[in-house]
Amino acid sequence: MVRLIRAELRKLLGLPTAWVGLVLGTLMAPVVVLLNAPYTRRAIAAGTLTDTPDLGLRDLGIGLIGPVILGVIVVSSEYTSTGEDAPGARQLTATLTAAPDRLRLLAAKTTALVLVVAAQAAITAAATLTLTKVLYAEHAPAPAPTRVVAAILYWVLTALLAYAIALITRNGIVPLTLLILNSTVVSVSYLLTKVTDLAAYLPDIAGAHMFIRSADFPVEIAPVTAGLVMTAWVVALLAVGAVLFHRRDA
Amino acid sequence: MITIDRVSKTKGRTQILYDVTFEARPGQVTGFLGPNGAGKTSTLRILLGLDRPQRGTALVCGRPYRELDRPLTTVGALLDGSGAHRARTARAHLRWVAASNGLPDSRVDEVLEVVGLTGDALKRAGRFSLGMSRRLGLATALLGDPEVLVLDEPVNGLDPAGIRWMREFLRDSAEQGRTVLLSSHLMGELAEIADDVIVIDKGRIVIQGRLADVIGDHRTLEDAFFALTATEAGGAW
Amino acid sequence: MNTTRAELRKLVTLPSLRLTALLTWTGTLLLTFAYASAESRGEPLGHDAALAPLGYTQAGFLVLGVLAAASEHQAGDQIRTTLLAMPRRLPLHAAKAVTLAAVTLPLAAVTAVTSTVPAGDTARTPAATAYLILTTLLAAAVASLVRRAVPAMVLLLSLYFIAGPLLRARSDTIAAYLPDTAALDPSRGTAATIIWTLSALTLAALTVHRRDA
């Protein structure tokens with residue numbers, strides 16, 4: 001199993017697009033914090049910025065494109081055509097020849113993804129929060145370690161969400177578009193919460209409750225419950241993806 | 001008639017073709033022989049206007065490929081794979097190609113019949129086996145009933161029946177006056193069909209001429225090939 | 001012209017395009033409903049309900065353009081067949097753009113209508129339609145440069161949904177130079193959209209002209 005995980009790690013880190021995801025994911029949040037510094041300082045001084053407990057953590061959302069790319073590329077790279085001779089053959093054929101037990105393969109892929117994204121999330125969280133502390137000193141209390149861990153968990157679950165959808169749809173474009181669209185400044189899920197309270201249980205909205213305190217959600221969800229809701233979504237989608245992967249032709 | 005004149009090509013910083021010069025005449029099957037990586041495909045791609053040479057010219061019937069009007073009626077090319085998008089059916093693929101050169105849709109059914117894919121016309125190209133893909137590629141090349149055929153490793157992926165069929169098809173085409181240029185690294189196969197032979201190695205033409213002349217005193221084409229390419233000094237003719 | 005006929009046949013026989021068209025229109029329908037329902041609940045979702053759904057579903061048009069262009073390079077070596085059949089690359093590029101615009105027009109019109117009519121703002125439907133078509137062409141140009149769908153989408157999504165909103169929030173002047181400002185506010189940024197699209201198409205044409213297949 002360790003051998004499989006190592007192979008999948010090497011595969012993932014050998015993809016140029018994966019590095020794009022890593023760089024973007026790691027740098028975006030700190031960069032945005034830096035760029036917004038003058039405005040934020042002014043807002044704090046003027047008293048218009050009220051959610052100071054969320055400073056820093058809130059900006060992490062902008063880097064979510066990173067884990068989404070990683071989650072997508074882990075799957076979509078397997079489905080790229082390897083050559084013109086037999087367009088039906090894809091990298092997946094070689095992968096499955098080397099590791100015919102599909103469920104173990106999936107487990108290895110999932111583990112590799114989790115490791116990479118968790119590492120990236122930790123780095124970007126550390127960078128962003130340190131930067132926030134440096135920039136705003138007394139106005140931004142250092143968040144409790146549990147919240148930071150929750151944020152990292154949110155990142156990992158987001159990557160797994162992208163990964164599961166890519167597994168189900170067998171292409172990278174659908175999850176990429178859906179999830180990046182949703183991680184924008186005004187996400188679709190957030191819009192839907194205005195229409196129906198049920199939308200508060202969508203994975204990205206619910207999950208945000210794990211570490212964001214002061215956003216405008218219609219339904220209050222305790223952090224631990226939030227974590228469970230998002231995890232449940234991910235597990236369900238992964239299960240569907242795993243079953244399909246197991247049963248489909250390569 | 002195909003004329004390649006002093007074509008040189010660099011890919012990145014490596015030179016892959018050095019002053020490649022040869023001719024393929026109508027009514028003959030010209031075999032372009034060389035090991036993998038010798039430069040056969042690169043030369044053909046330049047001939048077909050897909051890549052640009054740094055120097056030299058490659059002409060079909062006296063003109064560069066890109067200047068041909070409705071090129072598929074002059075040149076039919078079979079390169080690797082089928083050239084079709086995985087999600088399209090064979091028929092849909094052939095239909096757009098036919099439209100591109102103003103060919104009637106009836107040609108689609110005709111070529112499908114020639115290569116024996118009539119029953120698979122509505123299958124997606126992604127579901128084709130290696131052999132079927134080659135046949136689809138050949139069907140595409142034949143749509144315009146061209147007078148020049150350029151084939152890169154045409155028997156690659158074909159079963160014995162397919163290989164024999166291809167051999168007879170190419171001989172018949174040449175006998176009908178077509179120019180047939182095929183590249184291969186399978187010397188035994190080439191010796192069965194070629195009239196003229198051009199040998200390329202490491203980007204340079206080593207020898208060219210009638211099959212019998214190239215074999216010379218050696219027992220087989222293969223022996224001749226290894227003898228000729230054993231010496232590093234072999235330069236272009 | 002033959003090239004146009006061929007490119008048209010290509011576009012209508014690509015299954016992923018039909019699926020994208022369907023999903024995009026459905027998404028617009030749902031979002032329009034969401035906006036309308038929120039308004040009727042007394043909680044308007046903010047600014048321009050007529051065009052706001054398009055701000056999201058324009059992503060579908062990005063996908064359309066990317067898939068149309070990337071299909072030449074992925075899932076088989078179709079670009080080779082295309083260049084063998086139609087070796088003159090500049091006319092080919094032009095024909096591709098024209099056919100893509102023509103094929104996108106019905107979807108763009110229907111989507112724009114779905115978004116603007118329920119909000120009672122039909123005056124802006126033509127502008128919205130044009131915007132969506134230009135967006136599709138821009139995406140196709142980017143994809144023909146990058147040659148792979150996922151990287152092209154990453155690029156476009158980053159620009160339209162991350163960099164764009166961020167930059168727009170900081171500075172109004174920058175906003176007028178971004179390609180997607182016109183989605184929400186056609187009075188500004190229309191010129192930008194047109195220039196971005198034409199530039200991308202030109203860059204793609206010149207690159208494709210010189211590049212090895």
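Below you will find a few notes about this structure. (Residues numbered from 1 in each chain as written. Chains lettered and ligands numbered in written order. Predicted model: local features only at pLDDT ≥ 70, side-chain atom pairs only at ≥ 80, totals over all residues. Heavy atoms only, no water.)

In this section: the overall build of chain A. From N to C terminus, chain A includes ten helices and zero strands. Secondary structure elements in chain A, listed N-terminal to C-terminal, are α-α-α-α-α-α-α-α-α-α. Residues counted as buried form 53% of the 250 residues belonging to chain A. Considering only contacts in chain A between residues 6 or more positions apart, those separated by 24 or more positions represent 73%. Of the roughly 10,700 Å² that chain A leaves accessible, carbon and sulfur atoms contribute 70%. (Helix = DSSP H or I, 4+ residues; strand = E, 2+ residues; numbered from the N terminus. Buried < 20%, exposed > 50% of the residue type's maximum accessible area, 1.4 Å probe, protein only. Contact = heavy atoms within 4.5 Å. Areas by Shrake-Rupley, 256 points an atom, 1.4 Å probe, with all protein chains shown as cover.)

Of the residues lining the interface, 31 residues belong to chain C; the matching set on chain B comes to 35 residues. Across the interface of chain C and chain B, roughly 2,800 Å² is buried in total on both sides, 52% from carbon and sulfur atoms. For the chain C face of the interface with chain B, the top three residues by lost area are R9, R80 and L84 of chain C, together amounting to 24%. At the junction of chain C with chain B, the criterion picks out three salt bridges. D80 of chain B is paired through a salt bridge with R80 of chain C; the nearest N and O atoms lie 2.7 Å apart. Between the two partners, chain C and chain B, sit 16 residue pairs in polar contact (both at pLDDT 80 or more). Taken together, the elements giving at least two residues each to the side of chain C that touches chain B come down to α1 (2–12), α4 (78–85) and α10 (190–210) of chain C. When its residues are assigned to classes, the side of chain C that touches chain B shows eleven nonpolar, ten polar and ten charged. (Buried area = accessible area lost by both parts, 1.4 Å probe. Salt bridge = Lys/Arg side-chain N within 4 Å of Asp/Glu carboxyl O. Polar contact = N/O pair within 3.5 Å; in protein donor to acceptor, adjacent residues only side chain to side chain. Nonpolar A, V, L, I, M, F, W, Y, C, P; charged D, E, K, R; others polar.)

This next bit is on the environment of R18 of chain C. All names here are of chain C. Tracing the sequence through the fold places R18 in helix α2 (residues 15–40). With 46 residues separating them in the primary sequence, R18 and L64 have C-alpha atoms 9.0 Å apart. With residues up to four places along the chain from it excluded, the contact list for R18 reads V12 and T13.

Should their charged atoms come close, side chains of opposite charge can pair. Residue and element names in this part refer to chain C. Under the criterion given, the structure shown has 26 salt bridges over all chains. We note a salt bridge from E7 to K10, for which the minimum N-O separation is 2.9 Å. A residue pair is termed a helical-turn pair when its members lie 3 or 4 positions apart in one helix, as E7 and K10 do in helix α1 at three residues. The same class applies to E7 as to K10, namely buried.

Turning our eyes to something else, we now look at a positive patch on the surface. A cluster of like positive charges, contributed by R170 of chain A, R124 and R127 of chain B together with R18 of chain C, occupies part of the molecular surface. Looking at the secondary structure, you find R124 of chain B in the loop between α3 (106–115) and α4 (130–142). (Patch = residues over 30% accessible without salt bridge, like charges linked within 9 Å, V, L, I, M, F, W, Y side chains within 5 Å. Lys, Arg positive; Asp, Glu negative; His and termini not counted. Charge placed at Lys NZ, Arg CZ, Asp CG, Glu CD.)

Worth remembering: the numbers are spatial, not functional.
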